[in-house]
Amino acid sequence: MNAPLDDRLALLAEQAGVDVYWRDALDRPQSTPADTLRAVLRALDLPADNADDVEASLQRMEQERSGRQLPRLLTADAGERFIVPVVPRGRVWKLLADDGTLVSEGQLPSGEGQLDAPSLPGYYTLFVDEDEVTLAVAPPRTFGIGDIAAARRPWGMAVQMSGLRRPGDGGIGDFTALEACAKAAAEKGADALAISPLHALFAAAPERYSPYAPSSRLFLNGLYIDPVRTSTAPTVRAVIDTHNLRQELAELEWLELIDWPRAARARMTILRSLFESASVDLAHSERFGAFRREQGEPLERHARFEALHADFSAHGRPGGWQGWPAAFHDPASREVAAFAREHSREVAFHAWLQWLAKRGLEGAQKAARDAGMAIGLIADLAVGADSGGSHAWAHQAEVLKGLSVGAPPDALNRLGQDWGLTTFSPRGLRDTGFKGFIGMLRAALAHAGGVRIDHVLGLKRLWMVPHGAGATEGAYVRYPLADMLRLIALESHLHRAIVIGEDLGTVPADFRQAIGDKGVLGIRVLWFERAADGGFVSPHEWSEKAMATTSTHDVPTVAGWWSGRDVEWRKKTGLDDPAVDETAQRERDRVLLWRALYASGSAWNEEALPTPDDISPVVVAAARHVALAPAPLAIYPVEDILGLHEQPNLPGPTDAIHPNWRRRMPDSSSRLFDGPIAHAVCDVIDKTRNRT
């Protein structure tokens, strides 16, 4: 039974950034139960199990808030004043640029706590007496479309990396197929190619293939390496024959759905053999060694995790690192070091995969830009990572323990959601100087012209569910939005990359305003741009501060929506509402959509409503409708370029029925847009965006 909520517990929760009172999706006031508050506070390293714990944690919070100690990182706006903790004595300060050059210096009188930030964005080192702190000075806005696109109104496509095809791909997409797709899209006039997350998953558990449940957001998925790019085609053919994989690869290549375990085993078998043969190449080994030294401890920890995870899984301990013997819970332990020495080849192999994956992604971005794309690849950044994965093990001071990210109940999910992911602790961010967050941004932007931040509301607050509790028994935990937006703007500026924030669902209007003011583009989807009467809003009324799109990987494609394929899937998976006749509702909605397409000039005859099977005119009209929006950027899923019925993912507990993240493209990347529907869609988008 829940204990009563007392004032001291409520005070501690609010000071720690845990919402005691909040409003749900229907704008009804809610309060967080005391037991939930205690569980969340415990995960934030603020015990609150009894009155003494609460008082001790309040005292600790008071000490932290007193300002007697400088944080490890401060953020500031370029050319503006920023605050340092005030103390009752004078202090000497100096500010150094990233290269050690003195920028400014002076004295802070007793009781004063304001300094002027440099006008040039960048990272600086601030010394206040003997204290040292990193100062991140942000530009007013992120790098924007207007900074790169001149008079053009760019558009792009979105693809699921794993679903791309090329001859000889062995049943799964890779960086070579991505290069070909980028070139083909550029030929159609696209300036961007948004890709699904390429985060590192679990090499020893290929059945865990959701790109949004990664092991680490700092590293890449080695399965996307094209083996031929690591060696030569004859060498790869010899390896394939040595392992009798020719027939297996051919079968996998012709499957309509990805068989992740089989494809992963085949590709990793080939890559392991190539690794061993490459090890005798002195020049290759020297370049690889230089990469390992440059990447340093973070790469070594990730590679050690992969080796440990494989070893423990093989010996009956699958799952996360929490199930390993206690001596291996600490990545800096002697036992981990001893294991790494004894299994040095396995550790080196996983580091080698990261080297090759990084080169592959770099090559794909270069191919996109060389083909004429103004932006190139747009990376995708998942909202969290698996709590048993590489990042959570290697950087334990940064991440939350005992909590999962999710969402409270709303109209679509009456029982709430628990995504089973962890993420950064707001206190851990402060204590580590946002090191992991900055590293994650840099990893996403290293070889891309932009990034899409999944569930961008997480910059302000996240719904956290204590382990063992139901998804409805969570609490909102607040994050340092101003600091994180400044860091995003700074990294965007340094990498000359745009930023898109996935702001769909129940998002406060002031939050959309906050990220828009900082230059982060929101997302507007055709299906959700509807008026109070259910009709579809004119594209001219769409936001000027958001990317426009027909659909996303989580919602029906245009063809799927028009034909009612999504209604069929919802019924099959039990996601439909028995109280609603969704088939009849869709019939009415088709009329409303066609009416809106006609009103925007995208459809030619209001009365000639296409049948549910006649998807071509609807796909082309919807593409033009969205292209008319004043959005700085329009992105179209490849499924809507090709007029495909099936969506990549159906959110919810649907994996056993719906083939989430397994669908493959109908043709190879180089020929993907050669068909009549793709030609018509791309032509109407390009003409509308750039010649209207």
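Described in the following lines is the structure provided in the data block. Values in this document were obtained by computation on a predicted structure and should not be read as measured data. (Residues numbered from 1 in each chain as written. Predicted model: local features only at pLDDT ≥ 70, side-chain atom pairs only at ≥ 80, totals over all residues. Heavy atoms only, no water.)

Let us look at the overall build of the chain. Tallying secondary structure elements over the chain gives 22 helices and 24 strands in all. Its C-alpha radius of gyration of 26 Å places the chain within 12% of the 26 Å reference for a compact globule of 692 residues. Overall, the C-alpha framework of the chain stretches about 75 × 65 × 55 Å when taken along its three principal axes. Across the 692 residues in the chain, those meeting the buried criterion constitute 55%. (Helix = DSSP H or I, 4+ residues; strand = E, 2+ residues; numbered from the N terminus. Rg over C-alpha atoms; globule rule 2.2 N^0.38 Å. Buried < 20%, exposed > 50% of the residue type's maximum accessible area, 1.4 Å probe, protein only.)

Our next topic: the pairing of strand S14 (residues 376-381). Taking burial as the measure, the six residues of S14 include six buried ones, the bulk of the element. Pairing geometry for strand S11 (residues 192-195) and S14, over three bridges, is parallel. Residue pairing across strands places Ala-194 opposite Ile-378, the latter belonging to S14. Relative to strand S18 (residues 450-453), S14 runs parallel, the two being bridged by four bridges. Of the residues in S18, the one forming a bridge with Ile-378 is Gly-450. (Pairing = 2+ DSSP bridges.)

Glancing now at the sheet that holds strand S22 (residues 522-525). Read from one edge of the open sheet, eight strands run S21-S18-S14-S11-S10-S24-S23-S22, paired in parallel fashion. The sheet is open, and its two borders are formed by strand S21 (498-501) and S22, each paired with just one other strand. Averaged over all pairs of adjacent strands, the angle between strand axes in this sheet comes to 25 degrees, irrespective of strand direction. Pairing geometry for strand S23 (residues 546-549) and strand S24 (residues 634-637), over two bridges, is parallel. What sits directly across from Ala-548, in S24, is Ala-634. Contacts from helix H4 (residues 175-187) reach strand S10 (155-159), S11 and S14 within the one sheet, and its direction differs from that of S11 by about 145 degrees. (Axes fitted to C-alpha atoms, helices over the stretch in contact; angles between N-to-C directions. Contact = heavy atoms within 4.5 Å.)

Once that is clear, we can look at the sheet that holds strand S3 (residues 73-77). Here five strands make up an open sheet; going across it, the order is S3-S9-S8-S5-S6 and the pairing mixed. Edge positions in the sheet fall to S3 and strand S6 (102-108), since each has one partner strand and no second. On average, each strand axis in the sheet is inclined to that of its neighbour by 25 degrees, with strand direction left out of account.

Let's shift gears to the nonpolar core. Core analysis: the largest hydrophobic core is formed by 190 residues, its most contacted members being Leu-193, Trp-352, Phe-437, Leu-633, Ile-641 and Phe-673. The greatest single-element share of this core, amounting to twelve residues, is contributed by helix H11 (residues 344-370). Setting aside chain neighbours within four positions, we find Phe-437 in contact with Phe-424, Leu-429, Leu-459, Met-484, Leu-487 and Ile-488. Core analysis: the second largest hydrophobic core is formed by 17 residues, Val-84, Trp-93, Leu-95 and Ala-117 among them. (Core = buried A, V, L, I, M, F, W, Y, C linked by side-chain atoms within 4.5 Å.)

This part takes up the packing of aromatic side chains. What characterises a pair of aromatic rings is the spacing of the ring centres plus the angle enclosed by the ring planes. All chains considered together, the criterion is met by 24 aromatic pairs. Among the aromatic residues, ring-to-ring pairing joins Phe-202, Phe-305, Phe-312, Trp-324, Phe-328 and Trp-393 into one connected group. Its end group placed over the ring of Phe-127, Lys-94 keeps NZ or CZ at 5.5 Å from the ring centre. The positively charged end of Arg-359 is found above the aromatic ring belonging to Trp-355, 4.6 Å away from the centroid. (Phe/Tyr/Trp six-rings, centres within 6.5 Å; stacked < 30°, edge-to-face > 60°. Lys NZ or Arg CZ within 6 Å of the ring centre and 35° of its normal.)

Turning our eyes to something else, we now look at empty space enclosed by the protein. Applying the stated criterion to the full structure yields eight cavities of 30 Å³ or more. Approximately 280 Å³ is the volume attributed to the largest cavity. Along the walls of the largest cavity sit 24 residues, with Ala-158, Ala-194, Arg-452, His-553 and Ile-635 positioned nearest its centre. If you list the elements that add at least two residues to the lining of the largest cavity, you get S10, S11, S14, S23 and S24. Looking at the lining of the largest cavity residue by residue, the classes come out as 14 nonpolar, six polar and four charged. (1 Å grid on protein atoms, 1.4 Å probe; cavity = no way out; pocket = protein on both sides within 12 Å on 5 of 7 lines; lining within 4 Å. Points joined across faces, edges and corners; volume = space filled by probe spheres on them. Nonpolar A, V, L, I, M, F, W, Y, C, P; charged D, E, K, R; others polar.)

Taking 1.5 Å of rise per residue, the 18 residues of helix H19 (residues 582-599) would be expected to cover 26 Å, and the 25 Å separating its terminal C-alpha atoms lies within 8% of that figure. Looking at the packing, one finds that the buried side of H19 touches helix H17 (558-563), helix H18 (565-573) and helix H20 (616-627). A positive backbone phi angle near 85 degrees is found at Gly-601, which sits one or two residues after H19. (Expected span 1.5 Å × (residues − 1).)

Where S22 lies against S23, four bridges are found, and the strand directions are parallel. Counted as the bridge partner of Gly-522 is Ala-546 from S23.

Before going further, it helps to spend a moment on the pattern of salt bridges. Note that side chains of opposite charge can pair when their charged atoms are close. Overall, the coordinates contain 47 salt bridges when judged by the stated rule. By sharing partners, the salt bridges in this structure join Asp-45, Arg-60, Glu-64, Arg-427, Arg-430 and Asp-431 into a single network. (Salt bridge = Lys/Arg side-chain N within 4 Å of Asp/Glu carboxyl O.)

Now for helix H7 (residues 246-254). Every buried residue of H7 is listed here: Leu-249, Leu-252 and Glu-253. Buried residues of H7 fall within an arc of 100 degrees about the axis and therefore sit on the same side. Facing away from the buried side of H7 by over 90 degrees, the exposed positions are Gln-247 and Trp-254. Residues of H7 that are buried make contact with helix H6 (233-242) and helix H8 (260-278). (Arc of directions from axis to C-beta.)

Right, let's get into the side chain of Ser-404. Here Ser-404 lies in strand S16 (residues 403-407). At 3.3 Å, the side chain of Ser-404 forms a polar contact with the side chain of His-467. (Polar contact = N/O pair within 3.5 Å; in protein donor to acceptor, adjacent residues only side chain to side chain.)

This paragraph deals with the environment of Gly-79. With respect to the helices and strands, Gly-79 occurs in the loop between S3 and strand S4 (81-83). According to the relative accessible area criterion, Gly-79 is partly exposed, its value standing at 47%. Sequence spacing of Gly-79 and Pro-121 is 42 residues, and the spatial spacing of their C-alpha atoms is 8.9 Å. Look past the residues within four positions of Gly-79 in its chain and what remains in contact with it is Ala-117, Pro-118 and Ser-119.

What follows deals with the packing of helix H1 (residues 7-16) against helix H2 (residues 34-43). At their nearest, the axes of H1 and H2 sit 11 Å apart, and the two run at 45 degrees to each other. Compared by their axis directions, H1 and H2 come out oblique. Relative to H2, the crossing made by H1 is left-handed. On H2, the residues touching Leu-9, Leu-12, Ala-13 and Ala-16 of H1 are Ala-34, Leu-37, Arg-38 and Leu-41. Residues that form the contact of H1 with H2 fall into these classes: seven nonpolar, no polar and one charged. (Parallel < 35°, antiparallel > 145°, perpendicular 65-115°, else oblique. Left-handed = near helix turned anticlockwise from the far one by under 90°.)

With that out of the way, let us pick up the state of the cysteines. Following the criterion strictly, the structure yields zero disulfides and no others. Free of any disulfide, Cys-181 has its nearest neighbouring cysteine sulfur in Cys-682, separated by 10 Å. Accessibility expressed as a relative area gives 0% for Cys-181, which makes it buried. (Disulfide = S-S within 2.5 Å.)

Looking now at the environment of Gly-106. The residue Gly-106 is located in strand S6 in this model. Taking C-alpha positions, Gly-106 is 15 Å from Glu-132, a pair spaced 26 residues apart along the chain. Among all residues touching Gly-106, those that are not within four sequence positions of it are Arg-91, Val-92 and Trp-93.

To continue, consider unusual backbone geometry. The phi dihedral of Asn-244 is positive, around 55 degrees, even though this residue is not glycine. Note that Asn-244 resides in the loop between H6 and H7. Of the residues examined, Asn-244 reaches a relative accessible area of 68% and is grouped as exposed. Even without glycine at this site, Phe-434 takes up a positive phi of about 60 degrees.

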